[in-house]
Each structure stands twice: as structure tokens, then as C-alpha cells.
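# Overview (structure and organization)
Letter by letter, the chains look like this.
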Amino acid sequence: MRISFHGHSVVKIQTNKHMILIDPFINGNGQTDLQVEQENPDVILLTHGHNDHVGDTVELAKKNDALVVAPNELANYLGWQGCRVHNMHIGGAYNFDFGKVKYTQAFHGSSYVTDKNEIIYTGMPGGILFTAEDVTIYHAGDTALFGDMELIGKRHPIDVAFLPIGDNFTMGPEDAAYAVSLLKPKIVVPIHYNTFPPIVQDPNDFAKLVEGADVQMLKPGEEVNF
């Protein structure tokens, strides 16, 4: 398995048979190295409905007939846009042919703003536990620190955790470092920072606070080193 970071909250997972994109915000993302026309995902996993996470999902999904897995209301909305979807919700898990997906809670919001400045309610935000080829990845999405991260870590031994550190909208470096102590992943990768002025952070500040995990500060396009 190859796991790479592509700026903001974009994560790519390449298994033996499938390519999976999480939160594919590409166009408008000044931190990414990806180009929509060059990406051919089999699956798109979404944490929540904010535009900087849904990103280019509709174009990518329709171009590649990719399956979009998302929380229920967001999946409904994307289905109306012509995407092939699988609806899920917080606490639910499903075994797909490409791996197991389970949604965890996240403390944030979830809505999509259309080109007409309409705000579409897209249900509850979530984090994603993805397991394939004996590797478990936790993508926290956008979230505040919450105590049940300890339960998530106890119930699901995590190999790689992607945690937001940008502050303002999500956890900052201090809370994200405490989240690591609860989740106990082997490897942690900071995400959701430096894309916009309110979330500018130095990931080294986060790394200095983390104990008990290998902090890998990846540049866009770099892969997790197992």
C-alpha cells in the first residue's frame, strides 16, 4: 500500500487493486500538487460537506465512474448531481471490495455552498477509519479535540493518523498533539494547515509536542514512510 498527502486534507491511498482519494479538494487548493484531469480514482471517501473537502468530487466521480462514500445527507446530495454513491453514517462500518470503511464522530459543521450562494445542509461531519491490506488509516476530517478519540484508538489500533492542526476551524497544534496521546497511532501526519491565512501553522510546533508516535511532516506529493 502507498499512502500520500497532497495538501490541505487530500490523501491518496493506492492499494494493490484500487486508488482511493479522501477529500479531493484540488482546484482552488494552492497547497496541492494534483491536477483533476490527471487523477483517476476508483473510490472517493468524504469526511463532510464543506467545499474545501468535497472539492472536485463530482467531476472526478463522473469522469471515472468512481464510487463516492459519504455521510448520508452528503451522499444524497452528490447522488442528485449524478455521482454513484454509497450512503453511510456515524458509527457505521461497511466492507467494500477495496477495504473496510467506518465513520467516527467529528465535532465540526457540514454544509455545501453552491455557485448561487445557496447553503446545502449535508448532515453530520465525520472522521474515517479505513482498513485494507492489514493497515488501518484514521483521517479525522475537520474536528475539535474530543475525549472519545481515546475510545477510537482502543477499539481500532491505528497505523497512520491524519490530524488537522490549523486551529481557527479545527484543532490547533496543542489539541492535535493531545489527540495523538489518546489515539496512539504509530504514525501521525499533520493536515489542514497553511492553505488559508487563518490556518497558517508551523508543523514543527506540533511535532515538538507529540510523544509516542512518529510524526511525518509531508510535503504535497510525499508518501508515508512505513
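Counting starts from 1 at the beginning of each chain's written sequence and moves along it residue by residue. Where local features are concerned, this predicted model is filtered to residues with pLDDT of at least 70; where side-chain atom pairs are given and counted, the filter is 80 or more; whole-chain, interface and lining totals use all residues. Side-chain numbers here rest on the full set of heavy atoms in the structure, without hydrogens or water.

Time to look at the pairing of strand β5 (residues 67-71). Burial classes follow relative accessibility: with a 1.4 Å probe on protein chains only, a residue under 20% of its type's maximum area counts as buried, one over 50% as exposed, and anything between as partly exposed. Starting at the N terminus, helices and strands are each numbered in turn, a helix being any DSSP run of H or I of at least four residues and a strand any DSSP run of E of at least two. Taken across its five residues, β5 has five buried, putting it largely inside the fold. Strands pair, by our definition, only if DSSP identifies at least two bridges between them. Across three bridges, strand β4 (residues 43-45) lies against β5 in parallel orientation. In the strand pairing of β5, Leu45 is matched with Val69. Both β5 and strand β6 (residues 84-88) contribute to a ladder of five bridges, which runs parallel. The residue of β6 that forms the bridge with Pro71 is Met88. Following the chain from β5 across helix α3 (residues 72-80) to the adjacent parallel β6, one finds a crossover that is right-handed. Handedness of a crossover is defined as follows: orient the strands so they point away from the viewer, and if the path from the first strand over the helix to the second runs clockwise, the crossover is right-handed.

Moving on, we get to α3. What α3 keeps buried is the set Leu74, Ala75, Tyr77 and Leu78. Summarising the axial view, the buried residues of α3 lie within an arc of 160°, below the 170-degree limit, and thus occupy one face. The criterion used for residue contact is that any of the two residues' heavy atoms lie within 4.5 Å. Turning to α3, the residues buried within the fold contact α1 (51-54), α2 (57-64), β5, β6, β9 (111-113) and β10 (119-121). Backbone geometry just downstream of α3 places Gly82 in the positive-phi region, at approximately 100°. The directions considered for the arc are those from the helix axis to the C-beta atoms.

Let us look at a negative patch on the surface. Two joining distances apply to patches: 9 Å for like charges and 5 Å for nonpolar side chains (Val, Leu, Ile, Met, Phe, Trp, Tyr), and every residue must have over 30% relative accessible area and no salt bridge. Methods summary: accessible areas were calculated by the Shrake-Rupley approach with a probe of 1.4 Å, and residue burial reflects only the protein chains presented. In what follows, salt bridge is the name for a side-chain nitrogen of Lys or Arg lying within 4 Å of a carboxyl oxygen of Asp or Glu. Charged residues are defined narrowly, with Lys and Arg counted positive, Asp and Glu counted negative, and His plus the chain ends left uncounted. Where a charge lies is defined by one atom per residue type: Lys uses NZ, Arg uses CZ, Asp uses CG and Glu uses CD. A contiguous patch of negative charge, built from Asp167, Glu174, Asp175, Asp202 and Asp205, is present on the exposed surface. Turning to its location among the elements, Asp202 is positioned in the loop between β14 (187-191) and α6 (203-209). Take Asp202: its relative accessible area is 35%, and that puts it in the partly exposed class.

Before going further, it helps to spend a moment on the packing of aromatic side chains. When two rings of Phe, Tyr or Trp (its six-membered ring) have centres within 6.5 Å they constitute a pair, described as stacked for plane angles under 30 degrees, edge-to-face for angles over 60, and tilted for the intermediate range. All chains considered together, the criterion is met by six aromatic pairs. Ring geometry for Tyr77 and Tyr112: centres 5.7 Å apart, planes at 40°, overall tilted. On the criterion of sequence distance, the pair formed by Tyr77 in helix α3 and Tyr112 in strand β9 is long-range, its members being 35 residues apart. Residue Tyr77 shares its accessibility class with Tyr112, and that shared class is buried.

Within the fold, Glu222 resides in the segment after β15 (214-215). The partly exposed category is assigned to Glu222, whose relative accessible area is 35%. Put simply, Glu222 and Ile3 are 219 residues apart on the chain and 8.5 Å apart in space, counted from C-alpha to C-alpha. Ignoring anything within four residues of it in the chain, the contact list for Glu222 reads Ile3, Ser4, Phe5 and Met217. At 2.9 Å, the side chain of Glu222 and the backbone nitrogen of Lys219 are in polar contact. Residues adjacent in sequence count toward polar contacts only when both atoms are side-chain atoms; beyond that, a polar contact is any pair of N or O atoms within 3.5 Å, and within protein one must be able to donate a hydrogen and the other to accept it.

Read across the open sheet, the six strands follow the order β1-β2-β3-β4-β5-β6; overall the sheet is mixed. For this open sheet the edge positions go to β1 (2-5) and β6, each flanked by a neighbour on one side alone. Averaged over neighbouring strand pairs, the angle between their axes works out to 20° when direction is ignored. In this structure, β1 lies alongside strand β2 (residues 11-14), joined through four bridges in antiparallel fashion. Along β2, the bridge assignment pairs Arg2 with Gln14. Fitted lines through C-alpha atoms serve as axes, helices being fitted only where they are in contact, and the angles separating the N-to-C directions of these axes extend from 0 to 180 degrees.

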